[in-house]
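# Secondary and tertiary structure notes
Below are the chains, spelled out letter by letter.
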Amino acid sequence: MHETSLVRFTLNAVEHKAAELGIAHVKSIRLITGELRGALPELMQEAFRILKRNRPVFEDAELEMIVKPVVLRCRECGTEYQKADFHDVRCPSCGETDFEIISGSELYIDSFEGE
């Protein structure tokens, strides 16, 4: 499951930055992920729970995930729209299938809090 790799990377990055800043205890991490990343929040939480063990800096830390929806922009008419079914990505305004993804592929650490 790629959720484990994502969480491991997140913990390593936050731990490194916390050490740079002299933060001994991380309280929370906010992670932004887009629907297209396929990172299931429940599996991310479980991986976080398991992988933070034996890492004192994360003893009581919590993971907050913000999942961004997929938003497309039609390259023909500029309409922005969401699609739940990617078998049909036609623009609802003009019917074109040429689009760009403007949201939904994000994956980054937004912030973390610590002391």
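Residues numbered from 1 in each chain as written. Predicted model: local features only at pLDDT ≥ 70, side-chain atom pairs only at ≥ 80, totals over all residues. Heavy atoms only, no water.

## What to know about the pattern of salt bridges
For clarity, the threshold we go by: We define a salt bridge as a contact between a side-chain nitrogen of Lys or Arg and a carboxyl oxygen of Asp or Glu at a distance within 4 Å. Secondary structure elements are defined from DSSP: runs of H or I of at least 4 residues count as helices, runs of E of at least 2 residues count as strands, and each element is numbered from the N terminus. For the exposure calls, accessible area comes from a 1.4 Å probe over protein chains only, and a residue counts as buried if that area is under 20% of its type's maximum, exposed if over 50%, partly exposed in between.
Under the criterion given, the structure shown has 10 salt bridges. The salt bridge involving Arg73 is made with Glu100; its shortest N-O contact spans 3.3 Å. Of this pair, Arg73 sits in strand 3 (residues 71-74) while Glu100 sits in strand 5 (residues 99-103), and the two are 27 residues apart along the sequence. By relative accessible area, Arg73 is classed as partly exposed at 27%. One network of salt bridges, with partners in common, ties together Arg30, Glu64 and Asp110.

## Side note on the sheet that holds strand 5
Using the following cut-off: Paired strands, in this sense, are two strands between which DSSP finds at least two bridges. Every angle, taken between N-to-C directions, lies between 0 and 180 degrees, and every axis is a line fitted to C-alpha atoms, over only the stretch in contact when it is a helix.
If you walk across this open sheet you meet the three strands as 4-3-5, and the pairing is antiparallel. Whereas interior strands pair on both sides, the edge strands pair on one side only; in this sheet they are strand 4 (80-82) and strand 5. Taken over all neighbouring pairs, the strand axes of this sheet differ in orientation by 40° on average, direction set aside. Bridge analysis of strand 3 against strand 5 gives four bridges, and the strand direction is antiparallel. Bridge pairing links Val71 to Ser103 in strand 5.

Purely geometric numbers; function is a separate question.
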